[in-house]
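What follows is each chain in one-letter form.
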Amino acid sequence: MKRIGVLTSGGDAPGMNAAIRAVVRKAIYEGVEVVGILHGYQGLIEGKMEKLDLGSVGDIIQRGGTKLYSARCPEFRTEEGQKKAIEQLKANNIDGLVIIGGDGTYRGSMTLTKNGFPCVGIPGTIDNDIPGTDYTLGFDTALNTVIECIDKIRDTATSHDRTFIIEVMGRDAGDLALWAGLAGGAETIIVPEVEMKIEEVVERLESGTARGKKHSIIVVAEGVMSGQDFALKLKEHANIETRVSVLGHIQRGGSPTGRDRVLASLFGAKAVEVLMAGHGGRAIGIQNHQVVDYDMTEAFEKTEVFDQKMYQLSKELSI
Ligand code: ADP
């Protein structure tokens, strides 16, 4: 393998830059050239790429977003689009590709691997929803961002004796809501993986008020419903007044935490090693503190990754 490509695709996540840096530096250390492909699969189809040297990835380890830009590319879902991508890869003498993104990005890369072009995936998403890895890149940073927001909302909630609903991201997964809710001391956490009973939520709020709680924080994962819809439900069901905060894209930005930078460095280096060994269709992850690579198709299996025990604990600690 003489020349590899790297791209970021789908939703961006803090730590993507640190992963790009690790891919570039590790590959060059091993004597392999690296080409950065801009704007994900869209840029690949259009041949938007540039050679990356050691200096080109300087001063990005601490930056959120992605230096290579990201995009969603409907054309790449078609056979024609995939054919164009492979032609570009061949024309630019690229022998293998590291792709950084979520499960959509992984699915896209499988179409290339199936056509004989090796791709290795790094899980980059704040949602922590990729089976096969305990953590995805960006999750820890987003978690800390949400905690900071909950702390601030708690200040005003206390001052005004208010119940706040905080809507957090996570797509169909409840990890970000659970971890942030637990760390932020939320009274109630609503996630897609656990059926929500509105009567129970009301009961918890009322018993909290009865024992003198000045405020309540309810964290709602976007995969369940919007914060506004949940506020309506509470109003209709028990005439409870709430304030809603939708944290939105704040959660996707910011300087990556130390943990995400380390994870990005480990993932990036491992991806290069796997690619250099000639393996495609592999995903990089961390399992029980070990950096691993595994068959990418395992990342599409709908295995239960949600931590039900932690969810139960969050309830026990916020009675
Ligand atoms: P994420 O990687 O964050 O899950 P998306 O689901 O938007 O983000 O996927 C990113 C891109 O990957 C899409 O815009 C598309 O170009 C490509 N992609 C997703 N699913 C497929 C698929 N089944 N086949 C081919 N390409 C896909």
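What counts and how
Residues numbered from 1 in each chain as written. Predicted model: local features only at pLDDT ≥ 70, side-chain atom pairs only at ≥ 80, totals over all residues. Near = placed C-beta within 6 Å. Helix = DSSP H or I, 4+ residues; strand = E, 2+ residues; numbered from the N terminus. Nonpolar A, V, L, I, M, F, W, Y, C, P; charged D, E, K, R; others polar. UniProt positions renumbered as here; feature names shortened; annotations may be inferred. Buried ≥ 20, exposed ≤ 12 C-beta atoms within 10 Å, placed from the backbone. Pairing = 2+ DSSP bridges. Right-handed = clockwise from strand over helix to strand, strands pointing away. Axes fitted to C-alpha atoms, helices over the stretch in contact; angles between N-to-C directions. Contact = placed C-beta atoms within 7 Å. Domains from an automatic or database assignment.

### Looking at the site of the ligand
- Residues in close proximity to the ligand total 17 residues, the closest being Gly10, Gly102, Gly104, Thr105 and Gly108.
- Ranked by residue count, the leading element in the shell around the ligand is helix H4 (residues 103–114), at six residues.
- Considering only residue class, the shell around the ligand consists of three nonpolar, ten polar and four charged.

### Some words on the UniProt feature "active site" (unreviewed entry) in the chain
- Mapped onto the present numbering, the UniProt feature "active site" (unreviewed entry) falls at Asp127.
- Following the sequence through the fold, Asp127 ends up in the loop between strand E5 (119–123) and helix H5 (139–160).
- Using a count of 26 C-beta atoms within 10 Å as the deciding quantity, one classes Asp127 as buried.

### Some details on the pairing of E5
- The element E5 is extensively covered by neighbouring structure, given that five of its five residues are classed as buried.
- Alternating residues of E5 divide into Cys119, Gly121 and Pro123 and Val120 and Ile122, and every residue in both groups is buried.
- Bridge count for strand E4 (residues 96–101) against E5 is five bridges, and the pairing is parallel. Residue pairing for E5: Ile100 is matched across the bridge by Ile122.
- Assessed by its sense of winding, the connection that carries the chain from E4 through H4 to E5 is right-handed.

### Structural notes on the sheet that holds strand E6 (residues 163–168)
- Spatial strand order, E7-E8-E6-E9: four strands in an open sheet with parallel pairing. Each edge of the open sheet is held by one strand with a lone partner, namely strand E7 (188–190) and strand E9 (243–246). When the angles between neighbouring strand axes are averaged without regard to direction, this sheet yields 20°.
- Pairing of E6 with strand E8 (residues 216–221), which is carried by six bridges, proceeds in the parallel orientation. Across the sheet, Thr163 pairs through a bridge with Ser216, a residue of E8.

### Considerations on the sheet that holds strand E1 (residues 3–8)
- Spatially, the seven strands line up as an open sheet ordered E3-E2-E1-E4-E5-E10-E11, and their pairing is mixed. Only two strands of the sheet have a single neighbouring strand rather than two, namely strand E3 (49–52) and strand E11 (290–295). Averaged over all adjacent pairs, the angle separating strand axes in this sheet is 30°, with direction ignored.
- With four bridges connecting them, strand E2 (residues 33–37) and E3 associate as antiparallel partners. Bridge pairing in E3 links Val35 to Lys51.
- Across the sheet, H4 is in contact with E4, E5 and strand E10 (282–287); its angle to E4 comes to roughly 165°.
- Here helix H9 (residues 258–276) sits on the sheet and contacts E1, E4, E5, E10 and E11; the angle it forms with E5, its principal contact strand, is near 170°.

### Considerations on the UniProt feature "binding site: ATP" (unreviewed entry) in the chain
- When the UniProt feature table is mapped to this numbering, "binding site: ATP" (unreviewed entry) covers Gly11, Arg72, Cys73, Gly102, Asp103, Gly104 and Thr105. A maximum C-alpha distance of 14.0 Å is found for the annotated residues, which run over 95 residues; spatially they form one tight group.
- Relative to the helices and strands, Gly104 resides in helix H4.
- Within the fold, Thr105 resides in helix H4.
- Residues in contact with Thr105, not counting those within four places in the same chain, are Ser9, Gly10 and Ile99.

### Re the pairing of E11
- Alignment of E10 against E11, held across six bridges, turns out to be antiparallel. Across the sheet, the residue bridging to Ala283 is Tyr294, located in E11.
- In textbook terms, the turn of a hairpin is the stretch between consecutive antiparallel strands, and for E10 and E11 this stretch comprises two residues, one of which, Asn288, has a positive phi near 45°.

### Description of helix H6 (residues 175–183)
- With eight of nine residues buried, H6 lies mostly within the body of the structure.
- Of the positions making up H6, those classed as buried are Asp175, Leu176, Ala177, Leu178, Trp179, Ala180, Gly181 and Leu182.
- Buried residues in H6 make contact with H5, E6, E7, E8 and helix H10 (308–317).

### Remarks on the domain arrangement of the chain
- When its domains are assigned, the chain resolves into domain 1 (3–138 + 256–301) and domain 2 (139–252).
- The C-alpha centroid of domain 2 is placed 34 Å from the C-alpha centroid of domain 1.
- Facing 16 residues of domain 1, the contacting portion of domain 2 comprises 14 residues.
- Here the side of domain 1 that touches domain 2 is built from residues that sort into five nonpolar, six polar and five charged.

### Description of the environment of Phe230
- Following the sequence through the fold, Phe230 ends up in helix H8 (residues 227–238).
- Measuring from C-alpha to C-alpha, the distance between Phe230 and Glu195 comes to 14 Å, with 35 residues separating the pair along the chain.
- Contact partners of Phe230, with chain neighbours within four places excluded, come to Ile165, Ile190, Val220 and Met225.

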